[in-house]
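Letter by letter, the chains look like this.
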Amino acid sequence: MNYHWDWLFFFQEADDGLKYYEWVVSGAAWTTGVSLAALVLALVLGSLLGVMRTTPHRALVAIGDTYVDVFRNVPLIVQLFLWFFVVPELLPKGLGDWVKQDLPYYVTAVVGLGLYTAARIAEQVKSGIHSLPRGQRFAGLALGLTEWQTYRCVRLPMAYRIVLPALTSEAMNIFKNSAVTYAVGILELYFQYKQIIEKTSQVLEITIVATALYFALAYGMNQTLALIERRTRVPGLIAGGKGGH
Amino acid sequence: MNDFDFAVVLDNWRFLAEGLRYTAQVTVVAMVGGILLGTVLALMRLSSMRPLQWFATIYVDFFRSVPLVQVILAFYLILPLLLQMLTGQMIPLGADKSAYVTFMVFEAAYYSEIMRSGIQSVSRGQVAAGYAMGFTYGQTMRFVVLPQAFRNMLPVLLTQTIVLFQDVSLVYAIGATDFFGAADKITQRDLRPVEMYTTVAVVYFLICFSLSRLVKRLQSRVAIIR
């Protein structure tokens, strides 16, 4: 194979005066930032939707179910394009122009990725709550707690700990999914990967480096959550031990 | 916003349908190839031979930790290099062809995890019974274990296929004309993003939503009564 290996190209200067490895570092930073911000949004909204889907209120359940159905059945890249190119046109003129001109585009990307992931988190939270015996809610109500208090003090603390392994894999997925935001102009790791290939043709080196970085990000998230899992495990459950992966 | 003008969708329906056909083709090829390859990987992972276990573990963990868009681009660029190394001549491989290989190889990692848990859900006694009947390892797997594993996992395999169907939209990265790519190319020309992208989203939703409802129905049908 006449491929020309050259690991030192990372230290060459690119067009914009930065070195190629600096492109990689800034890409990885954007990937981390966008992913973590989207994860926070997804956790908050996903928990809310997940709880809504377990309440006795028909309307709330319907809203939660519809949200999950819609956001799980449209590809992420299409959702991002909708947020960027369709939604601003459908909003009232003033607001639409503001979104197009003044709202930083990475906010839109974070919102898009977050709303997409929220649907998956809502599924997990719902199944966590459903995995608890009904008696837990009844016991809470019998103690005089309100419906909301049974969630806050009894059911959610258990449900979160039960679904933590599943949440861990969603949290790892978000780094991979964030690569799709390159299509709407976020200069994250995959964008830089693509750009470096176009400039230097050193496909194999940069593929190895980018893959290793994605691996490291996902692994870091996995270890962080494994730590949380160990700290918060429920004594006495079989699943109290090993971290998920 | 101007009024919705669906004429642009109707005028281009042939091009869109062509894109959707490509998306469906990639999905089916990658599903069949991915399940076959995935089953082999699952058997390797569960075998008693260490090197086979390692290979399968590394394969699966590798593809499960890389973003699909990156794999799509990397394969598109690296496959021709590999072909050149094997055959000694330059064979240009178009974006549309390389996507078939990419999705098959990539999805095999996910299908293999599903098949692995399917195989593990079959009780040990079944394997012992197979051997007691005088079956070889291959026969025990083919006639006893795999059919049950496959049946147990059918709903999950199909759900993964719906995910795959949506993921094909990422061939956008190499400019292949799948359903989304077709809509995007029309948008570049006619500048009607609202109509085009909305249509794509609605069609994807209708297809995937109905398929996932069907899978749910199937799930209750095929469940083996124990």
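Calculation rules
- Residues numbered from 1 in each chain as written.
- Chains lettered and ligands numbered in written order.
- Predicted model: local features only at pLDDT ≥ 70, side-chain atom pairs only at ≥ 80, totals over all residues.
- Helix = DSSP H or I, 4+ residues; strand = E, 2+ residues; numbered from the N terminus.
- Buried ≥ 20, exposed ≤ 12 C-beta atoms within 10 Å, placed from the backbone.
- Contact = placed C-beta atoms within 7 Å.
- Axes fitted to C-alpha atoms, helices over the stretch in contact; angles between N-to-C directions.
- Parallel < 35°, antiparallel > 145°, perpendicular 65-115°, else oblique.
- Left-handed = near helix turned anticlockwise from the far one by under 90°.
- Nonpolar A, V, L, I, M, F, W, Y, C, P; charged D, E, K, R; others polar.
- Core = buried A, V, L, I, M, F, W, Y, C linked by C-beta atoms within 7 Å.

Caption draft 1: View of the overall build of chain A. Secondary structure summary: chain A contains 9 helices and 0 strands in total. Scanning chain A from its N terminus toward the C terminus, one meets helices and strands in the order α-α-α-α-α-α-α-α-α. Principal-axis analysis of the C-alpha atoms places the extent of chain A at approximately 70 × 50 × 30 Å. Counting all 245 residues of chain A, 36% fall into the buried class. Restricting to contacts in chain A with at least 6 residues of sequence separation, those with at least 24 account for 74%.

Caption draft 2: Up close: the packing of helix H6 (residues 124–132) of chain B against helix H7 (residues 137–167) of chain B. Residue and element names in this part refer to chain B. In the contact formed by H6 and H7, the axes pass within 9 Å of each other and the chain directions differ by 160°. By the angle between their directions, the pair H6 and H7 is classed as roughly antiparallel. Once H6 is placed against H7, the crossing between them reads as right-handed. Of the residues in H7, those in contact with Gln126, Val127, Gly130 and Tyr131 of H6 are Thr140, Val144, Val145 and Gln148. Class assignment of the residues belonging to the contact of H6 with H7 gives a composition of 4 nonpolar, 4 polar and no charged.

Caption draft 3: Up close: the nonpolar core. Counting residues in each nonpolar core, the largest one holds 110 residues, and the members touching the most others are A:Ile77 and B:Ile72. Ranked by residues supplied to this core, first place goes to helix H2 (residues 13–46) of chain B with 11 residues. Once residues lying within four places of it in the same chain are set aside, the contact partners of A:Ile77 are A:Val180, A:Ala183, B:Ser169, B:Leu170, B:Tyr172 and B:Phe180.

Caption draft 4: Geometry of the interface of chain B and chain A. Each partner contributes residues to the interface: chain B has 29 residues there, and chain A has 30 residues. Going through the elements one at a time, helix H4 (68–87) and helix H9 (193–222) of chain B are the ones with two or more residues in the side of chain B that touches chain A. Of the residues forming the side of chain B that touches chain A, the biggest block, 11 residues, is contributed by H9(B). Taken together, the residues that form the side of chain B that touches chain A break down as 22 nonpolar, 7 polar and no charged.

Caption draft 5: Just unusual backbone geometry, in detail. Not every positive phi belongs to a glycine, and A:Ser201 is a case in point at roughly 60°. Of the residues examined, A:Ser201 has 14 C-beta atoms within 10 Å and is grouped as partly exposed. You will see that B:Leu191, though not glycine, has its phi angle at about 55°, which is positive. In this fold, B:Leu191 is placed in the loop between helix H8 (179–190) and H9.

Caption draft 6: Molecular detail of the packing of helix H5 (residues 105–130) of chain A against helix H7 (residues 147–177) of chain A. Residue and element names in this part refer to chain A. Close contact between H5 and H7 brings their axes to 8 Å; oriented N to C, the two are set at 150°. Taken as axis vectors, H5 and H7 run roughly antiparallel relative to one another. The interaxial crossing formed by H5 with H7 has right-handed handedness. Each of Leu113, Thr117, Arg120, Ile121, Gln124, Val125, Ser127, Gly128 and Ile129 in H5 lies in contact with H7, whose residues at this interface are Arg155, Ala159, Tyr160, Ile162, Val163, Ala166, Leu167, Glu170, Ile174 and Asn177. Partitioning the contact of H5 with H7 into residue classes produces 11 nonpolar, 5 polar and 3 charged.

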